[in-house]
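If you want the building blocks of each chain, they are given just below.
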Amino acid sequence: MELNKIRREYRYSALTRKNATAHPADQFRIWLNEARQANVNDFSAMNLITCSPGEFPQSRIVLLKDYNKDGFTFFSNYTSAKAKAMELNNKVGLHFFWPELERQIRIEGLAEKTPRQVSEDYFKSRPLDSQIAACASSQSSEIDSRETLEKQYQKVKDLLAGQAPECPENWGGYFVRAVRIEFWQGRENRLHDRLVYVHNENGWKIKRLSP
Ligand SMILES: Cc1cc2nc3c(=O)[nH]c(=O)nc-3n(C[C@H](O)[C@H](O)[C@H](O)COP(=O)(O)O)c2cc1C
């Protein structure tokens, strides 16, 4: 495949200071809704980027489950690799890419655990099989085979005998309090639009960046 011969123009839309909202959460809501309407697969999937001091950055997909004017919530395992990284350095990145809309959103923020009640409420709302899987899997730890994993799952399922499990202590949400959010819209001739919202003591300030 000759990747260096593949080129395409970006013409879908534009992002200007005039049509951007004053608060980044409003701009985010508009773009998230448009991604959903455009039937982007897994439109709520985002890269979570962590970086433990002295280590390589690590990136993985997680699903956005909530957001508000201050930040973004996802759920995970509190003993996973990402959890360990966030304990050492809670400065994280979140990254959305919606190719159908020629858009990306880059977020920088500070991760904190959600209150226990938020984790429990969301855990309860998940399908029973997902709840069981969360109890059966020690996320990011080495496991000798697929068979072992399936046995662990079956063991938890049998023990519960149709009952829903409690939300495990080592499972819950993270809230990423945003400090910087960049909206990128592909444009013709590689003259893309980049508007970045930076948070300071007076609220959010918008700047345009060169593409
Ligand atoms: C589409 C998709 C959605 C995912 N959603 C989540 C999620 O919401 N929470 C989660 O912990 N892992 C999710 N994962 C799995 C993570 O990408 C990752 O494999 C896992 O969390 C372990 O990461 P870690 O070892 O860096 O902690 C998802 C993966 C994909 C591809």
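It should be emphasised that the depicted structure is a prediction, and the values quoted were computed from it without experimental measurement.

> Please clarify how the overall build of the protein should be interpreted in this entry.
When helices and strands are tallied, the protein shows five helices and nine strands. Taken from N to C terminus, the helices and strands of the protein fall in the order α-β-β-β-β-α-β-β-α-α-α-β-β-β. Over its C-alpha atoms, taken along the principal directions, the protein stretches across nearly 60 × 50 × 40 Å. For the protein, the residues scored as buried account for 38% of the 211 residues in total. Within the protein, counting contacts between residues at least 6 apart in sequence, those at least 24 apart form 64% of the total. Total accessible area on the protein stands at roughly 12900 Å², and carbon and sulfur atoms take up 49% of it. Between the centroid of the 32 positive side chains of the protein and the centroid of its 27 negative side chains there is a distance of 6 Å.

> Sorry, what's going on with helix H1 (residues 24–37) here?
In an α-helix there are 3.6 residues to a turn, and that puts residues three or four apart on one side. The end-to-end C-alpha distance of H1 is 20 Å, a good match for the 20 Å that 14 residues give at a rise of 1.5 Å each. Within H1, the full set of buried residues consists of Pro24, Ala25, Gln27, Phe28, Trp31, Leu32 and Ala35. Buried residues in H1, looked at end-on, bunch into an arc of 155°, giving them a common side. Those residues of H1 that are exposed and angled more than 90 degrees off the buried face are Arg36 and Gln37. Phi turns positive one or two residues past the end of H1, at Asn39, with a value near 60°.

> What should I look at first to understand the pattern of salt bridges in this one?
A side chain of one charge can pair with a side chain of the opposite charge when the charged atoms of the two come close. For the coordinates displayed, the defined rule picks out 15 salt bridges. Two residues, Lys69 and Asp70, come together in a salt bridge whose shortest N-O distance is 3.4 Å. Overall, Lys69 belongs to the exposed group, its relative accessible area being 54%. What makes Asp70 partly exposed here is its relative accessible area of 31%. Here the salt bridges do not stand alone but share partners, grouping Arg106, Glu182 and Arg194 into one network.

> Help me understand the packing of aromatic side chains in this model?
The description of an aromatic ring pair rests on the distance of the ring centres and on the angle between the ring planes. Across all of its chains, the model carries 14 aromatic pairs by this definition. With a centroid separation of 6.0 Å and an interplanar angle of 80°, the aromatic rings of Tyr10 and Trp184 are classed as edge-to-face. Residue Tyr10 is found in the segment before H1, and its partner Trp184 is found in strand S7 (residues 171–185); the two are separated by 174 residues along the sequence. Centroid distance Tyr67 to Phe72: 6.4 Å. Interplanar angle 20°. Geometry classified as stacked.

> Can you walk me through the layout of surface pockets in this structure?
Empty space among the atoms becomes apparent when a probe as large as a water molecule is rolled across them. There is about 350 Å³ of room inside the largest pocket. Phe75, Ser76, Arg126, Gln139 and Trp171 are the residues nearest the centre of the largest pocket, which is lined by 18 residues in total. Broken down by secondary-structure element, the contributors of at least two residues to the lining of the largest pocket are strand S2 (58–63), strand S4 (71–77) and helix H4 (128–136). By residue class, the composition of the lining of the largest pocket is nine nonpolar, five polar and four charged.

> So what exactly am I meant to see when it comes to the side chain of Asn77 here?
Take Asn77: it is sitting in strand S4. Judged by its relative accessible area of 3%, Asn77 falls in the buried class. A distance of 2.6 Å separates the side chain of Asn77 from the side chain of Thr79, its partner in a polar contact. Excluding residues that lie within four positions of it along the chain, Asn77 makes contacts with Ala83, Ser137, Gln139, Asn170 and Trp171.

> Can you walk me through the nonpolar core in this structure?
For soluble globular proteins, nonpolar side chains are generally found buried alongside one another. Counting 33 residues, the largest nonpolar core has Trp98 and Ile105 as the members making the most contacts within it. With five residues, S7 is the single largest residue contributor to this core. For Trp98, the residues in contact, after removing those within four places along its chain, are Trp31, Leu32, Ala35, Val40, Phe43, Arg103 and Ile105. One finds Phe75, Ala134, Cys167 and Trp171 within the second-largest nonpolar core, a separate group that totals five residues.

The rules we used
- Residues numbered from 1 in each chain as written.
- Predicted model: local features only at pLDDT ≥ 70, side-chain atom pairs only at ≥ 80, totals over all residues.
- Heavy atoms only, no water.
- Helix = DSSP H or I, 4+ residues; strand = E, 2+ residues; numbered from the N terminus.
- Buried < 20%, exposed > 50% of the residue type's maximum accessible area, 1.4 Å probe, protein only.
- Contact = heavy atoms within 4.5 Å.
- Areas by Shrake-Rupley, 256 points an atom, 1.4 Å probe, with all protein chains shown as cover.
- Lys, Arg positive; Asp, Glu negative; His and termini not counted.
- Charge placed at Lys NZ, Arg CZ, Asp CG, Glu CD.
- Expected span 1.5 Å × (residues − 1).
- Arc of directions from axis to C-beta.
- Salt bridge = Lys/Arg side-chain N within 4 Å of Asp/Glu carboxyl O.
- Phe/Tyr/Trp six-rings, centres within 6.5 Å; stacked < 30°, edge-to-face > 60°.
- 1 Å grid on protein atoms, 1.4 Å probe; cavity = no way out; pocket = protein on both sides within 12 Å on 5 of 7 lines; lining within 4 Å.
- Points joined across faces, edges and corners; volume = space filled by probe spheres on them.
- Nonpolar A, V, L, I, M, F, W, Y, C, P; charged D, E, K, R; others polar.
- Polar contact = N/O pair within 3.5 Å; in protein donor to acceptor, adjacent residues only side chain to side chain.
- Core = buried A, V, L, I, M, F, W, Y, C linked by side-chain atoms within 4.5 Å.

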